[in-house]
Amino acid sequence: TIGALGGHKRFCDAGTWRCGWCACKHSECSGKGPGPDGPKTLCSACSSRHKNGHTGPPEVNQAGKFVCDLCSRQFETIGALGGHKRFCDAGTWRCGWCACKHSECSGKGPGPDGPKTLCSACSSRHKNGHTGPPEVNQAGKFVCDLCSRQFETIGALGG
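Definitions and cut-offs
Residues numbered from 1 in each chain as written. Predicted model: local features only at pLDDT ≥ 70, side-chain atom pairs only at ≥ 80, totals over all residues. Heavy atoms only, no water. Pairing = 2+ DSSP bridges. Helix = DSSP H or I, 4+ residues; strand = E, 2+ residues; numbered from the N terminus. Buried < 20%, exposed > 50% of the residue type's maximum accessible area, 1.4 Å probe, protein only. Contact = heavy atoms within 4.5 Å. Arc of directions from axis to C-beta. 1 Å grid on protein atoms, 1.4 Å probe; cavity = no way out; pocket = protein on both sides within 12 Å on 5 of 7 lines; lining within 4 Å. Points joined across faces, edges and corners; volume = space filled by probe spheres on them. Nonpolar A, V, L, I, M, F, W, Y, C, P; charged D, E, K, R; others polar. Salt bridge = Lys/Arg side-chain N within 4 Å of Asp/Glu carboxyl O.

Caption draft 1: View of the pairing of strand β5 (residues 108-111). The pairing of β5 with strand β6 (residues 114-119) spans three bridges and is antiparallel. Within β6, the residue paired with G109 across the bridge is L118. Between the end of β5 and the start of β6, which pair antiparallel, lie two residues.

If you want it as structure tokens, here you go:
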């Protein structure tokens, strides 16, 4: 309709707009936002970084990928980096019971000390009434407290 065309023309920049930090086009981002140079000068991802106190775009390596400053993981888009950074712990997270790293388990779950304090296997045990990690023998295997059968992983032992 002619009204839709008029609404479009009010904001049309003929495809020339670029983010002031990451240089992405409007068609490559989810919207425009305010930045240090005024309204609608940054893409929504960079605008969010600006609102959180950052003074420039995230680091980009020679391959053109965005790099997490905490764990050095690489991402194709700034949005993917932003999603990762919400949960990045720089590799320091450990399960409160079995001390496994996040990369060694299938996820995090709630425990007696709060949300995301146990690996998913230990969290399952916690939900089933256990009050601590399973027994580990000298060989490093997990022992069932009911039948004394030995398992390589907590997940195999189960809840």
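Caption draft 2: Quick peek at the side chain of S47. With respect to the helices and strands, S47 occurs in helix α2 (residues 44-51). Judged by relative accessible area, S47 falls into the buried class, the value being 2%. With residues near it in sequence (within four places) discarded, S47 still touches G33, P34 and L42.

Caption draft 3: Here's a closer look at α2. Every buried residue of α2 is accounted for by C46, S47 and R49. Down the axis, α2 shows its buried residues gathered within 160° of arc, on one side only. Summarising the contacts, the buried residues of α2 are in contact with β1 (32-35), β2 (38-43) and α3 (78-85). With its phi angle positive at about 100°, G53 sits one or two positions after the end of α2.

Caption draft 4: Summary view of the layout of surface pockets. The computed volume of the largest pocket comes to approximately 280 Å³. Along the walls of the largest pocket sit 15 residues, with H84, F87, D89, G91 and H102 positioned nearest its centre. Grouping the amino acids of the lining of the largest pocket by side-chain chemistry returns five nonpolar, five polar and five charged.

Caption draft 5: Spatial organisation of the pattern of salt bridges. Inspection of every chain in the model, using the stated rule, returns four salt bridges. Between D69 and K85 there is a salt bridge whose closest N-O contact spans 2.4 Å. You can see D69 sitting in the loop between β3 (66-67) and β4 (74-75) and its partner K85 sitting in helix α3, a full 16 residues away along the chain. Residue classification places D69 among the exposed positions, given a relative accessible area of 55%. The class for K85 is partly exposed, based on a relative accessible area of 25%.

Caption draft 6: Spotlight on the sheet that holds strand β8 (residues 142-143). Spatially, the three strands line up as an open sheet ordered β7-β8-β9, and their pairing is antiparallel. Strands with a single pairing partner mark the edges of an open sheet, and in this sheet they are β7 (135-136) and β9 (150-151). Bridge count between β8 and β9: two bridges; the pairing is antiparallel. Bridge pairing in β9 links V143 to Q150.

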